[in-house]
There are 2 protein chains.
Amino acid sequence: MDVKDLFKDEEKYIGKKVKISGWVRNHRKQKEFGFIDFSDGTCHKHLQVVYDDKLDDFDEIQKITVGSAIEVEGLIKESPAKGQKFEMQLENIKVLGTCPVDYPIQPKRHSDEFLREEAYLRARTNKYQAVFRIRSVAAYAIHKYFQERGYVYFNAPILTASDCEGAGEMFRVTTEDLNEIAKSKKYDPKKELFGKPVGLTVSGQLEAESWAMAYKKTYTFGPTFRAENSNTKFHANEFWMIEPEVAFCDLNGIMDIEEDCLKYIVKYVLDNCPDEIDLLDKFVSKGLREKLENVTKSKFVRITHKEVIDILKDAEKNGKKWEFKPEYGEDIAKEHETYITEYFKKPVFITDWPKDIKAFYMKLNSDGKTVAAADLEVPGIGELMGGSQREEDYDKLLDRMKELKMDTESYYWYLNLRKYGGCVHSGFGIGFERLLLYLTGVDNIRDVISYPRTPGNCEF
Amino acid sequence: MDVKDLFKDEEKYIGKKVKISGWVRNHRKQKEFGFIDFSDGTCHKHLQVVYDDKLDDFDEIQKITVGSAIEVEGLIKESPAKGQKFEMQLENIKVLGTCPVDYPIQPKRHSDEFLREEAYLRARTNKYQAVFRIRSVAAYAIHKYFQERGYVYFNAPILTASDCEGAGEMFRVTTEDLNEIAKSKKYDPKKELFGKPVGLTVSGQLEAESWAMAYKKTYTFGPTFRAENSNTKFHANEFWMIEPEVAFCDLNGIMDIEEDCLKYIVKYVLDNCPDEIDLLDKFVSKGLREKLENVTKSKFVRITHKEVIDILKDAEKNGKKWEFKPEYGEDIAKEHETYITEYFKKPVFITDWPKDIKAFYMKLNSDGKTVAAADLEVPGIGELMGGSQREEDYDKLLDRMKELKMDTESYYWYLNLRKYGGCVHSGFGIGFERLLLYLTGVDNIRDVISYPRTPGNCEF
């Protein structure tokens with residue numbers, strides 16, 4: 001059985017004898033008794049195991065170290081201690097695996113930096129156990145949301161011969177020995193397993209569109225890669241993306257879905273990880289619970305890029321100093337995102353972006369200058385989702401690709417989606433780790449990824 | 001609204017007017033009326049749309065081609081036709097996207113080979129729409145199974161600097177320009193973004209074990225890669241794996257979980273894709289439904305490798321000719337797997353394999369010769385899952401790694417999992433595509449992957 005079962009249905013277990021395996025998280029010893037803080041990792045709460053010197057092996061028990069794997073057997077009884085309803089009165093204990101006293105994870109506060117070095121152990125601490133449980137629960141919420149609404153899950157290919165949207169740098173993949181390539185002085189892509197150079201996907205969106213044209217509603221959820229040399233708190237070279245695509249859906253329709261989806265995920269995590277959220281609220285990001293609860297109740301703002309620039313310029317008139325001057329037709333900076341979300345104090349969709357700063361596949365608006373794109377900006381994080389209506393007009397799409405000097409031939413199939421029963425369709429992308437920063441209040445992407453890959457770091 | 005809604009609650013819609021967008025799958029025209037076979041991809045069933053020459057735009061409607069995107073509006077009424085309860089009497093129609101007459105997907109049977117060439121369109125055919133919907137539903141069943149049982153979903157890293165189990169060939173990943181490497185005559189891994197050579201994971205198991213030691217129960221579900229040059233019906237270079245790991249669980253315990261899990265997935269697909277299974281049963285693999293229903297009811301066989309060899313040798317005595325002679329202490333061939341599953345006519349766990357043909361991390365049995373591994377062999381597919389108890393003894397694991405001349409230093413963290421509260425633990429792997437071959441009756445792995453990557457093929 002699991003510790004989780006005890007907390008789920010405590011009435012059933014009080015007065016009963018149970019046997020559970022798990023680990024010693026802390027061990028407080030007194031002369032005639034002791035307390036083992038016991039966790040099996042199945043829920044945030046720990047079981048307090050109480051023992052006394054009436055047990056034959058009392059002296060042996062007192063020697064059990066933090067981190068050891070043990071099996072405990074005893075009576076579940078109401079607890080006199082504050083903050084817990086029940087505890088276990090120990091009757092039998094078995095040490096399944098010892099742990100040396102120099103075990104790095106001691107019952108005290110460790111720095112995030114230290115725990116990044118010991119990443120293979122950090123899920124054993126309260127904070128990281130909470131973070132990575134939320135990661136799992138949020139992933140499930142995403143699948144649940146889309147599956148229950150009839151979306152077909154699409155596994156976008158990871159290895160790809162095309163460079164989607166040319167965004168960021170692409171990792172190259174080879175089956176050739178790199179030292180041999182250097183020795184042979186000439187690289188011949190025909191020798192590759194695939195007969196040509198391939199790389200790691202930066203987005204599964206284009207392929208997902210082909211599924212939307214067959215199933216109406218589809219979503220991806222898989223890893224994507226950027227070979228950028230960015231050492232920031234928001235960038236990792238390997239991260240997971242969710243990319244839903246919906247046929248017969250315009251920009252307003254996709255914003256409705258984005259808003260509904262985000263509220264669902266937040267609510268699901270609040271409902272299913274209440275203890276984890278409380279811990280993070282207390283020790284990591286004060287006000288986290290309130291922030292998340294508010295988002296489920298608020299109506300997101302929808303405002304055009306032009307209107308955003310108006311607000312930013314007004315602020316300047318009223319004395320606000322900008323590092324980067326806001327301009328119509330240009331991208332907005334991090335400081336502007338921050339200002340806008342603080343201005344409205346809730347998530348804001350910014351729509352109708354200048355076409356030149358956005359991707360080729362976005363639907364050109366009738367003004368000929370802007371595209372039907374919407375970025376969702378949330379307080380404290382910045383951009384959380386990016387969506388757009390996709391250009392469904394074959395000729396306009398082709399023109400835009402030529403304008404950008406793209407290799408239109410290799411995209412024949414993507415263009416053909418507009419030729420063979422094409423229709424208005426839209427989609428969006430969620431960076432899963434950025435969503436997790438939002439859900440957990442953690443401020444560094446390295447701390448919401450089990451084994452993060454960032455420049456210079458590819459450990460474990 | 002979706003076509004799926006109509007079939008879910010037909011009583012609610014009969015006699016009502018509805019409006020839906022979707023695609024023309026077929027169009028049969030008569031002089032005074034016509035039938036549009038209409039699908040929006042949200043369910044396997046199509047809606048029959050009936051129209052007649054009382055409509056003003058009758059002549060225009062008759063010109064609508066197969067593959068076009070349309071919006072139809074009309075009355076849902078009971079159908080006089082056989083095989084369907086209701087149909088739509090068309091009142092209004094809008095063509096949202098035309099389709100030329102040379103559209104590759106016509107309402108006739110296309111060969112699998114042809115559809116592989118047009119992979120971006122094949123989900124629009126009945127067969128592949130069924131296959132890839134089952135892929136999505138099965139993926140969800142897997143998440144549901146593990147999440148409802150308290151497993152924490154673990155996203156194993158894809159980029160890795162270590163070669164897990166040395167199995168198969170590993171793809172190399174580089175941020176350097178391959179032509180530049182050739183020109184410079186020397187490859188310097190220190191120039192890489194990560195400062196060292198990295199590759200694509202072949203398994204997330206080792207990392208997943210670290211999560212099992214924190215959460216007790218964990219599972220991965222993500223892409224894995226093998227750079228093998230194998231052109232078979234069962235091999236792809238990119239495929240998805242599910243790798244659960246459970247602490248405090250021995251080999252028998254993990255086989256219980258494997259059996260329960262497989263039955264759950266099969267039952268979930270039978271319950272949620274009945275029409276898809278019927279189609280595949282009829283046109284792809286006769287007897288599919290019966291085979292799947294049987295597996296949910298059968299008790300899987302558990303038999304040792306030695307006992308398997310006994311059976312195979314007995315068969316030889318009774319006249320069976322083997323291409324590969326079965327031997328104690330050696331691996332078994334495909335023909336042996338087939339024989340064993342036909343012998344028992346149900347899934348068979350083969351346990352206690354000779355250690356030399358199995359991976360380094362498997363628990364050495366007390367005989368010193370075999371390991372606590374179990375392969376699940378199923379009729380018609382062969383090996384579907386592979387599981388084992390993991391070696392929890394630090395010294396034995398270290399000895400085995402040294403014996404195999406592994407770089408034990410880079411595995412320090414994996415070894416330490418045995419030092420810091422280690423315990424009996426076990427896990428298994430499911431090849432997702434192999435499972436799909438089993439669930440769909442399709443016989444080629446290229447036909448259960450949206451855009452398959454096999455030697456020479458990396459299209460779309």
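Now for a quick tour of the structure. Computed from a predicted model, the values in this text were never measured in an experiment.

What follows covers the interface of chain B and chain A. On the chain A side, the residues contacting the 112 residues of chain B number 111 residues. Both faces considered, chain B and chain A share a buried interface measuring about 8,900 Å² in area, 62% of it formed by carbon and sulfur atoms. One can count 6 salt bridges joining chain B with chain A. Across the pair Asp-2 of chain A and Lys-217 of chain B runs a salt bridge, and its minimum N-O distance is 2.6 Å. Our count for the chain B to chain A interface comes out at 45 residue pairs in polar contact (both at pLDDT 80 or more).

The next point concerns the state of the cysteines. Think of a disulfide as a covalent bridge from one cysteine sulfur atom to another cysteine sulfur atom. Taken as a whole and assessed by the stated rule, the structure comprises 0 disulfides over all chains. Here Cys-273 of chain B stays free of any disulfide, with the sulfur of Cys-43 of chain B as its closest cysteine sulfur at 11 Å.

The residue Asp-352 of chain A is not glycine, and still its phi comes out positive at about 55 degrees. Along the chain, Asp-352 of chain A turns up in strand E13 (residues 348-354).

This part is about a negative patch on the surface. Side chains of Glu-32, Asp-53, Asp-56, Asp-57 and Asp-59 of chain A sit close together on the surface and give a patch of like negative charge. Position of Asp-56 of chain A among the secondary structure elements: in the loop between strand E3 (47-52) and helix H3 (58-62).

Structurally, the position occupied by Arg-133 of chain A is in helix H5 (residues 126-148). A relative accessible area of 7% places Arg-133 of chain A in the buried class. A polar side-chain atom of Arg-133 of chain A sits 2.8 Å from a polar atom in the side chain of Glu-276 of chain A. Among residues more than four places away in sequence, those in contact with Arg-133 of chain A are Gly-41, Thr-42, Cys-43, His-44 and Glu-276 of chain A together with Val-152 and Tyr-215 of chain B.

Residues and elements named next belong to chain A. A sheet is described by the order of its strands in space; here 8 strands give the open sequence E6-E10-E11-E16-E15-E14-E13-E12, paired in mixed fashion. At either end of the open sheet lies a strand with only one pairing partner, and these are strand E6 (152-153) and strand E12 (301-304). Packed on one face of the sheet, helix H8 (residues 251-272) meets strand E11 (238-247), E12, E13, strand E14 (370-378), strand E15 (382-390) and strand E16 (425-431) and runs near 30 degrees to E16. Sitting on the sheet, helix H11 (residues 305-317) is in contact with E12 and E13, with an inclination near 90 degrees to E12.

In this section: the nonpolar core. One finds Phe-432 and Leu-439 of chain A together with Phe-432 and Leu-439 of chain B to be the most contacted residues of the largest nonpolar core, which totals 175 residues. If you tally residues by element for this core, the top one is helix H5 (residues 126-148) of chain B, at 13 residues. The residues touching Leu-439 of chain B, leaving out its near neighbours within four places in the chain, are Ile-134, Ala-138, Ile-265, Val-266, Val-269, Ile-277, Leu-288 and Leu-292 of chain B. By size, the runner-up hydrophobic cluster in this structure holds 54 residues, among which are Val-152, Phe-154, Ile-311 and Val-371 of chain B.

As summarised here, the arrangement of the 6 strands in space is E7(A)-E9(A)-E8(A)-E8(B)-E9(B)-E7(B), forming an open sheet in which the pairing is antiparallel. Each having just a single partner strand, strand E7 (159-160) of chain A together with strand E7 (159-160) of chain B make up the two edges of the open sheet. Summarising the sheet, strand E8 (residues 172-174) of chain B and strand E9 (residues 198-200) of chain B pair through 2 bridges and their orientation is antiparallel. Residue Arg-172 of chain B lies in a different strand from E9 of chain B, and its bridge partner there is Gly-199 of chain B.

Moving on, we come to the packing of aromatic side chains. Here the distance between the centres and the angle between the planes together describe a pair of aromatic rings. For the structure shown, the criterion picks out 75 aromatic pairs over all chains. Ring plane angle 45 degrees and centroid distance 4.9 Å describe the contact between Trp-23 of chain A and Phe-248 of chain B, whose orientation is recorded as tilted. Taken as a pair, Trp-23 of chain A in strand E1 (residues 17-29) and Phe-248 of chain B in the loop between strand E11 (238-247) and helix H8 (251-272) lie in two separate chains rather than in one. Note on Phe-154 of chain A and Tyr-451 of chain B: the rings are 6.2 Å apart at their centroids and 80 degrees apart in plane angle, and the pair reads as edge-to-face. On the criterion of chain membership, the pair formed by Phe-154 of chain A in the loop between E6 and E7 and Tyr-451 of chain B in the segment after helix H15 (432-440) is interchain, its members lying in two chains. For the residue pair Phe-154 of chain A and Tyr-451 of chain B, the accessibility class agrees, reading buried in each case.

Time to look at the relation of the copies chain B and chain A. The two copies are related by a screw operation: chain B maps onto chain A through 180 degrees of rotation and 0.0 Å of translation along the axis, at an RMSD of 0.1 Å. Such a turn and shift between the copies fits a two-fold axis. The share of interface residues of chain B whose copies in chain A are also at the interface is 99%, consistent with both copies meeting through the same surface.

Right, let's get into the environment of Gly-422 of chain A. If you trace the backbone, Gly-422 of chain A turns up in the loop between helix H14 (412-416) and E16. Residues Gly-422 of chain A and Gly-97 of chain A, 325 residues apart in the sequence, show an inter-C-alpha distance of 61 Å. Beyond its immediate stretch of four places on either side in the chain, Gly-422 of chain A contacts Leu-417 of chain A together with Ala-69, Leu-96, Gly-97 and Thr-98 of chain B.

For helix H9 (residues 274-283) of chain A, the complete set of buried residues consists of Glu-276, Ile-277, Leu-279, Leu-280 and Asp-281 of chain A. Contacts from the buried residues of H9 of chain A go to H5, H8, helix H10 (288-297) and helix H15 (432-440) of chain A.

Calculation criteria
- Residue numbering note: each chain is counted from 1, following its sequence as written.
- The naming scheme follows written order: chains are lettered A onward, ligands numbered 1 onward.
- pLDDT decides what is reported in this predicted model: residues at 70 or higher carry local features, side-chain atom pairs at 80 or more are listed and counted, and totals for whole chains, interfaces and linings draw on all residues regardless.
- Calculation of side-chain values draws on the structure's entire complement of heavy atoms; hydrogens and water are dropped beforehand.
- The contact criterion used throughout is that any non-hydrogen atoms of two residues lie within 4.5 Å.
- Throughout, buried area stands for the accessible area (probe radius 1.4 Å) lost by two parts on being put together, summed over both.
- Whenever Lys or Arg places a side-chain nitrogen within 4 Å of a carboxyl oxygen from Asp or Glu, that contact is recorded as a salt bridge.
- The definition of a polar contact used here is a pair of N or O atoms within 3.5 Å, where within protein one atom must be able to donate a hydrogen and the other to accept one, and adjacent residues in sequence count solely through side-chain atom pairs.
- Cysteine sulfur atoms that come within 2.5 Å of each other are treated as a disulfide pair.
- Helix numbering and strand numbering both begin at the N terminus, where a helix is a DSSP run of H or I of at least 4 residues and a strand a DSSP run of E of at least 2.
- Residues form patches when they are more than 30% accessible in relative terms and have no salt bridge. Like charges link within 9 Å. Nonpolar side chains (Val, Leu, Ile, Met, Phe, Trp, Tyr) link within 5 Å.
- Reported accessibility uses the Shrake-Rupley method at a 1.4 Å probe radius. Residues are deemed covered only where the shown protein chains occlude them.
- Asp and Glu count as negative and Lys and Arg as positive, but His and the ends of the chain are not part of the count.
- Charge placement uses NZ in Lys and CZ in Arg. For Asp and Glu, CG and CD serve respectively.
- Partly exposed residues are those whose accessible area sits between 20% and 50% of the maximum for their type, while under 20% is buried and over 50% is exposed, using a 1.4 Å probe and protein chains only.
- Here the rule is simple: two strands pair whenever DSSP picks up at least two bridges between them.
- Angles shown run from 0 to 180 degrees and are taken between the N-to-C directions of axes, each axis being a line fitted to C-alpha atoms and, for helices, limited to the stretch in contact.
- Remark: nonpolar core denotes a set of buried residues (Ala, Val, Leu, Ile, Met, Phe, Trp, Tyr, Cys) joined through side-chain atoms within 4.5 Å.
- The rule is short: rings of Phe, Tyr and Trp, with Trp giving its six-membered ring, pair when the centres are within 6.5 Å, and they are stacked under 30 degrees, edge-to-face over 60, tilted in between.
- Copy-to-copy alignment: least squares on C-alpha atoms, limited to residues at pLDDT 70 or above in both.

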